[in-house]
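Read off the chains here:
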Amino acid sequence: MRLSTILKVIGGLLVLLIIGVGVFIATLDVSQYRGQIAGAIEDATGRRVAIDGEMDLAIGLSPALVVEGVSIGNTDWASDPTMVSVQRLEAQVEVLPLLSGQIRVNRLILVEPVVSLETNAEGTGNWTFGTPDAAAPAGETAPAGADGEAGGGAAQLEIQEVRLRDGALTYRDGVSGQTMRVTLERVSLTGAGLDAPLEVDIAGAYNDAAFTLAGTLGPLAGLTASSAAPWPLDVTATAGGATVTVAGDIAVPAKARGLDLAVSAEGAQLGDLGALLAALGQTQPVPALGPYRVAARVQGDADALALSGLDASLGAMPRLKVTATGAVENVTAVQGLDLAISAEGAEVGALADLAAQVGQPVDVPALGPFAVTATVTGSPDALAVSGLDAAVGEAGRFRATATGAIADALAQSGLDLTVGVDAPDPAVLADLGAPVPVPLNARASLSDITGGYRLRDIQATVGRSTLSGAIDAVLDGPRPAVAGRINAPLLDLNELAGGPAGAAPAPAAPADGSGGGASGGPMIPDTPLPLDALRAADATLTLTADRAVLPGGAEMANVTLGLTLAGGALALDPVQAGIAGGQIAGTVALTPTEGGGARASVDLTGERVALGTLARTFGGTDALEGGPTTLTVSLSGQGATPHQIAGTLTGAVLVHTVDARMNNGAVNWAGGDVFTQLGELINPFGQREPTTPIQCLVFNMTATQGVLSNDHGIALETDKMVVGGGGAFDLGAERLNVKIAPRPRPGIGLETGFGKIVELFAVTGPFASPALELDAQKAVETGLKTAASAAGAVATGGLSLLGENLAGSLLGSSTDGEMEPCLVALGQKDPGEIGAAPAESAAPGTAAPAEAVEEQIQQQIRGVTEGLTEGLPEGTGDRLNEALGGALQGVLGGGGGDSGGAATAPAAAPQTAPEPEQPAQPEQPAPPTESRTVVQPDGSQQPAPSEPQPQQPATPEEAIGDAIREGLGGLLGN
């Protein structure tokens, strides 16, 4: 047989064999082996395996196996009974590479794969299978091949294409209780082998946050094997509205070393990242700042990544835009920062909305645009800021600026800043909680000191006021402590209090007698002192002012005020100022005590302070001019309110004024309140003369437990009147009881009308509504004098009533008749009594000279007639004087030249025993009747009708009284 025949036969047999095998495979039903396949998997995993669908095998050089309805059961403690399930699995494997030990999968397709992974409370995973031979014994490892890879003889796996559709992965952490869910809409992995690049296209969701990933990755073999070539990647991912691109290579991807990547991320709205963070388990809210963009080059190892060429922006105008450029030496450790940052916006108040979005609500006033630029270097433990230039607001309304550097921003140390505020619109300051009613412009250098900060080179203009100086604030103690010195060429507190700049004090509101506070309460406030506020901080400050304007318009010069506040104790020492042409100096202290109160003390002295200027400055009245005044105040008290302190005051008060002048035209003599009445009594000439010279004015009181008192502590001397007084002012009860005795100087006459030669009256009652005590019924009790007693005093040459002696004590009448109440009030003269007989006066029982008595009476009469004849026809006063004079001459022996009668009456003298009864005198003939005339209302004179002669008075006083009454009755028609 030929060789060719043999070959043909062999070839034919092979064809028949192949055809037979093909027919066998084609007609083979692999489904009949599903039980055997499932059993083998169960033996390998120890889990229940089910193949509920069809199995199909497509014959070819690359056979394709299709299996449907495959599931692998879960461990018995798992929450889901199924660990893995696949609706459809399709695998195409090349046959020929199998002969060389290679498993080359051309295509692997998974449809609706569902994987459930979880751990129990001990951290054991359900992917740990429990068959005895499923894992090597503990401590035993598989033999390594010559190249170090496990199982040197193991088959190599190569997958060229993997596709997945509608897959899901759930992971439950039994330790933390957290659950992670990944759904995969599609997965496409395509490559020419393990050593070829891998094309990736994935779309899915992580905890309901959608994401995509597409691009090219380096060979899968390069992830584990050592290779001289870097592992490249160029992918783009989207998640949370962001698009992230990464391009470059990694030298050792398995250890994340040698990264050299260009990274960028951008999105239309930063707030959209909040959903992604929530999916990752982060609850931090993300504000909706608008678009963002970040680009940088990332180099180095994972534990020391460096950023270079950083270019980032966040947000957009007009709301907020932030930019950053530069580099970071170590991103992982956040070290070596070198960034130029900037932020700007059209309205700083809009930042409040952004803060509220992140759960940090703050009140940011609408001040206008803002801008910040700076260079940030260093690391979080020493973050330095240089080239700072920050501004907020706009010119013409409000603008705050800060420039300079900060050595350690997070520690707030190493400050070297220049800060400034320009607020020409006071309304903006009010909105900021600083109710300054005038424009403000301030500038200072800000630096840090141990535990606090220092403001130096302060230059401020507040309205008309100008300030300069330095202040230290220490904040690390038990309470803030402030120390410094402020100098003000002009300090206008009146303007700062809301008063008009440079305006004179407003006139004081006239007293209406209603008194009390606005609600009828005490005049001295009874509200608690702000002692808690004094404990809020400590302070040591010195304030000097060349010129200061107080609230109300009062001005002071050369002011020095030392303020010390320590633990709630306030001390003003020194207090020095020039005011009203004089100087005041002293100290003021307020020291807290147990029980919630405080002890207050005031020690002040004043020299040559013009009382008139003070009256105009503080009272808004021009009633006084001049009057250099000596002032001494030394008081201390204790309580929780001003009223309580006033009710416990102890010490002394002295006010001594000389050479003043009262402008009577500025006094409301027509007023009806008690102070107007008092003015009329002590200055009865005020309605007729333009001014009243005040020679001296004294108020000298001693305080004991809230009561100011001095029996002779009040005095006033003018060119025509002297006034003495004394009494008490109860500050606790807010009541006063003061006796006042006015008297015309010798030779002035009865300037205020008949019967007011000397008056003693009282001012009594509450501070809010005092009253004058002028009731005649109480004349003896209060020391008031009637017209009859005045006449008697003139006739007898001395005073006889208790009130007269009291008046003399107040007026300081000496033995020579000189009245000096100011010296009495000052304690430089002992009180005296009006009318005390001179040492050289006639002895008891002798007659006073008739000429002297008559001259005194004539002086008083002239005063009476001047008051009575105002507004009557000219000459009426002369005729009235003649009528009164004729009557007095009849009593005093006038007309016939006889000097008997009242002229020879004995002077009143104290009597220690009854006078012996005098023998009866023979009846004297009645004096001849004189013709008298009566002044009619029209000024004419008519003869008076004859009247029977009255009985001769028994005493000189009665004789004078009868004569005066007769003269007035004839003149005025009874």
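Residues numbered from 1 in each chain as written. Predicted model: local features only at pLDDT ≥ 70, side-chain atom pairs only at ≥ 80, totals over all residues. Heavy atoms only, no water.

A. Spotlight on the overall build of the protein chain. Looking only at helices and strands, one finds 18 helices and 41 strands in the protein chain. Within the protein chain, the fraction of its 974 residues that count as buried is 35%. The contacts in the protein chain between residues at least 6 apart in sequence include a share of 49% that link residues at least 24 apart. Per element, the accessible surface of the protein chain, about 51,800 Å² overall, is 58% carbon and sulfur. (Helix = DSSP H or I, 4+ residues; strand = E, 2+ residues; numbered from the N terminus. Buried < 20%, exposed > 50% of the residue type's maximum accessible area, 1.4 Å probe, protein only. Contact = heavy atoms within 4.5 Å. Areas by Shrake-Rupley, 256 points an atom, 1.4 Å probe, with all protein chains shown as cover.)

B. Expanded view of the pattern of salt bridges. This structure, assessed with the given rule, holds 16 salt bridges. The salt bridge partner of Asp719 is Lys720, with a shortest N-O separation of 3.3 Å. Taking relative accessible area as the criterion, Asp719 reaches 30% and is therefore assigned partly exposed. Among the charged side chains, a salt-bridge network with shared partners connects Glu68, Arg88, Glu90 and Arg107. (Salt bridge = Lys/Arg side-chain N within 4 Å of Asp/Glu carboxyl O.)

C. Structural view of helix 9 (residues 611-619). All buried positions along helix 9 are accounted for by Leu611, Gly612, Ala615 and Thr617. Tucked inside the fold, the buried residues of helix 9 contact strand 27 (555-566), strand 30 (598-610), strand 31 (624-626), strand 32 (628-639), strand 33 (650-663) and strand 34 (691-704).

D. Quick peek at the pairing of strand 25 (residues 481-492). Pairing of strand 24 (residues 465-474) with strand 25 involves eight bridges; the strand directions are antiparallel. Note on strand 25: the bridge partner recorded for Ala473 is Val482. With antiparallel pairing between neighbouring strands as the criterion, strand 24 and strand 25 make up a hairpin whose turn holds six residues. Pairing geometry for strand 25 and strand 26 (residues 538-549), over ten bridges, is parallel. Residue pairing for strand 26: Val482 is matched across the bridge by Ala539. (Pairing = 2+ DSSP bridges.)

E. Up close: the environment of Thr632. Along the polypeptide, Thr632 turns up in strand 32. What makes Thr632 partly exposed here is its relative accessible area of 32%. Distance in space between the C-alpha atoms of Thr632 and Val655 is 6.7 Å, their sequence separation being 23 residues. Apart from the residues within four sequence positions on either side, Thr632 is in contact with Leu604, Thr605, Ala652, Val653 and Leu654.

F. Layout of helix 2 (residues 34-45). Taking 1.5 Å of rise per residue, twelve residues should cover 16 Å, and helix 2 covers 16 Å from first to last C-alpha, within 8% of that figure. Looking at the residues trailing helix 2, positive phi occurs at Gly46, about 75 degrees. (Expected span 1.5 Å × (residues − 1).)

G. Seen up close, the side chain of Asn120. Position of Asn120 among the secondary structure elements: in the loop between strand 5 (102-118) and strand 6 (156-159). Residue classification places Asn120 among the buried residues on the basis of a relative accessible area of 15%. A polar contact of 3.0 Å, which involves the side chain of Asn120, links it to the backbone nitrogen of Glu122. Setting aside chain neighbours within four positions, we find Asn120 in contact with Trp77, Gly174 and Val175. (Polar contact = N/O pair within 3.5 Å; in protein donor to acceptor, adjacent residues only side chain to side chain.)

H. Examining unusual backbone geometry more closely. Following Met317, the chain continues to Pro318 via a peptide bond in cis, the omega torsion being 10 degrees. Checked against the element boundaries, Pro318 lands in the loop between strand 15 (304-316) and strand 16 (320-330). That bond from Asp573 to Pro574 is cis: its omega, 5 degrees, falls within 30 degrees of zero. The phi dihedral of Ala580 is positive, around 55 degrees, even though this residue is not glycine. Within the secondary structure, Ala580 is located in the loop between strand 28 (569-579) and strand 29 (582-592).

I. Fine view of the environment of Leu307. Along the chain, Leu307 falls in strand 15. Accessibility expressed as a relative area gives 18% for Leu307, which makes it buried. It is 9.3 Å that separates the C-alpha atoms of Leu307 and Leu337, two residues lying 30 residues apart in sequence.

J. Main features of the confidence of the model for the protein chain. The predicted model of the protein chain has a mean per-residue pLDDT of 77, with 68% of residues at 70 or higher. The secondary-structure element of the protein chain with the lowest mean pLDDT is helix 13 (residues 787-796), recorded at 33, while strand 32 shows the highest, at 97. Within the model, the stretch residues 131-154 combines pLDDT values under 50 with eleven contacts to residues more than four positions away or in other chains. With pLDDT under 50 throughout, residues 966-974 is counted as low confidence; its partners more than four residues away or in other chains account for 16 contacts. (pLDDT = per-residue confidence, 0-100.)

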